[in-house]
Amino acid sequence: MPNEKLAIPTRDGTCPAYVAVPNGVGPWPAIIFYTDAGGMRPAMVEMAQRLADAGYVVLLPDLFYRYGPYGPFVPKEVFAGDFRTILGPLMATTGNDKAAEDTQAFLAYLDTRDDVAGRRCGAVGFCMGGGMAITTAASFPDRFAAVASFHGGNLASDAATSPHRLVPQLEAEVYIAAAENDGSYPPAMVERLEQALTDASVRFGTDVYRAAHGWMMPDFPVYDHAEAERGWTEMLALFDRTLHQD
């Protein structure tokens with residue numbers, strides 16, 4: 001089924017988004033997809049549709065809507081140059097706290113759809129979106145049954161908006177997929193996050209993938225097909241066991 005383009009009103013403006021849905025007759029559980037720092041582009045839409053084809057209504061919001069028009073970027077070209085200069089101004093317009101604010105509007109939109117089953121949904125985030133997914137699941141604990149972070153960075157930092165600070169609020173099952181030797185998620189941070197999850201009695205699982213930061217993204221230079229397929233298997237297993245209980 002074709003993706004739907006829409007615009008969701010938020011506190012700070014209008015957020016463009018896609019909705020990907022399965023073929024067939026619903027309703028289906030919903031998942032919110034938080035993108036990486038590369039923003040909205042064809043690869044994100046394709047990933048959302050793959051998730052939808054597995055039996056979910058997938059909302060893919062443009063997290064950089066506050067910036068205004070941009071791209072779409074081609075990651076291989078962006079990473080060949082000074083990517084911080086290109087992506088930094090866009091990233092500065094959002095963050096874990098703002099993504100959580102936006103999610104109130106995203107959930108309100110999903111509540112209007114007749115093809116969405118139940119109130120509890122899932123969240124998945126990649127790179128920058130990993131922390132956003134955890135933060136939003138903790139900010140709306142009664143609405144999220146599962147959250148997955150793939151090569152998320154700064155998940156347990158000293159920042160006031162660090163996701164690990166909200167872990168005690170989580171009711172969702174959590175899956176953390178980390179890359180080897182990832183400077184944005186070093187061993188000390190891993191220990192800090194996992195200790196917070198354990199102390200809060202959150203049901204969680206973690207895996208370290210033999211790949212580089214960003215391995216899940218099919219348009220990234222570091223894309224690793226075998227490890228990405230492993231990630232998809234774990235992601236779908238998480239959502240399948242948690243989102244079909246309402």
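Residues numbered from 1 in each chain as written. Predicted model: local features only at pLDDT ≥ 70, side-chain atom pairs only at ≥ 80, totals over all residues. Heavy atoms only, no water.

### So, the pattern of salt bridges
Two side chains that carry opposite charge are able to pair once their charged atoms sit near each other. To keep things clear, this is the line we draw: Counted as salt bridges are all cases of a side-chain nitrogen of Lys or Arg within 4 Å of a carboxyl oxygen of Asp or Glu.
Tallied over the entire structure, the rule returns 15 salt bridges. One salt-bridge network, in which partners are shared between bridges, spans Glu-4, Arg-113 and Asp-115.

### Some details on the nonpolar core
The criterion, for reference: Grouping buried Ala, Val, Leu, Ile, Met, Phe, Trp, Tyr and Cys residues that are joined through side-chain atoms within 4.5 Å yields what is termed a nonpolar core. For the exposure calls, accessible area comes from a 1.4 Å probe over protein chains only, and a residue counts as buried if that area is under 20% of its type's maximum, exposed if over 50%, partly exposed in between. Counting from the N terminus, the helices are DSSP H or I runs at least four residues long and the strands are E runs at least two residues long.
Among the nonpolar cores identified, the biggest contains 88 residues, and Val-124, Phe-144, Phe-150 and Phe-239 are the most heavily contacted of them. When residues of this core are assigned to their parent elements, the largest contribution, seven residues, is made by helix H1 (residues 42–53).

### A look at the pairing of strand E3 (residues 30–34)
Here is the rule: Here a strand pair is declared whenever DSSP counts at least two bridges between the two strands.
Most of E3 sits out of view: five of its five residues are buried. On E3, burial covers both faces: Ala-30, Ile-32 and Tyr-34 on one face and Ile-31 and Phe-33 on the other are all buried. Examined bridge by bridge, E3 and strand E4 (residues 57–61) share three bridges and lie parallel to one another. When the bridges of E4 are listed, Ile-32 appears paired with Leu-59.

### Considering the sheet that holds strand E5 (residues 121–126)
We apply this condition: Helix axes are fitted to C-alpha atoms over the stretch in contact, other axes to C-alpha atoms as well, and angles between N-to-C directions run from 0 to 180 degrees. By definition in these notes, contact holds between two residues if any of their heavy atoms fall within 4.5 Å.
If you trace the eight strands from one edge of the open sheet to the other, you get E1-E2-E4-E3-E5-E6-E7-E8, paired in mixed fashion. Looking at the sheet topology across the chains shown, the edges are occupied by strand E1 (4–10) and strand E8 (204–209). Taken pair by pair, the neighbouring strands of this sheet meet at an average axis angle of 20°, ignoring direction. With respect to the sheet, H1 is in contact with strand E2 (13–20), E3, E4 and E5, its orientation differing from that of E4 by roughly 160°.

### Re the packing of H1 against helix H7 (residues 225–242)
Keep this limit in mind: Every angle not falling under 35 degrees, over 145, or within 65 to 115 is termed oblique; those three ranges are roughly parallel, roughly antiparallel and roughly perpendicular. If you view the pair so one helix is near and one far, a crossing is left-handed when the near helix is turned anticlockwise from the far one by less than a right angle, and right-handed when it is turned clockwise. Classification used: nonpolar for Ala, Val, Leu, Ile, Met, Phe, Trp, Tyr, Cys and Pro, charged for Asp, Glu, Lys and Arg, polar for all others including Gly.
Packing of H1 against H7 leaves a shortest axis separation of 11 Å and a crossing angle of 50°. In terms of their interaxial angle, H1 and H7 are classed as oblique. Of the two elements, H1 crosses H7, and the hand of that crossing is right-handed. On H7, the residues touching Met-47, Arg-50 and Leu-51 of H1 are Glu-229, Trp-232, Met-235, Leu-236 and Phe-239. A breakdown of the residues in the contact of H1 with H7 according to their chemical character gives six nonpolar, no polar and two charged.

### A word on the packing of aromatic side chains
Note the following rule: Working definition: a ring pair exists when centres of Phe, Tyr or Trp rings (six-membered ring for Trp) sit within 6.5 Å. Plane angles under 30 degrees give stacked, over 60 give edge-to-face, the rest tilted.
Overall, the coordinates contain nine aromatic pairs when judged by the stated rule. Both rings, one in Phe-33 and one in Phe-126, keep their centres 5.2 Å apart while their planes meet at 35°; by these two values the pair is tilted. Taken together, the positions of Phe-33 in strand E3 and Phe-126 in strand E5 put the pair 93 residues apart, joining distant regions of the chain. We note that Phe-33, like Phe-126, is buried.

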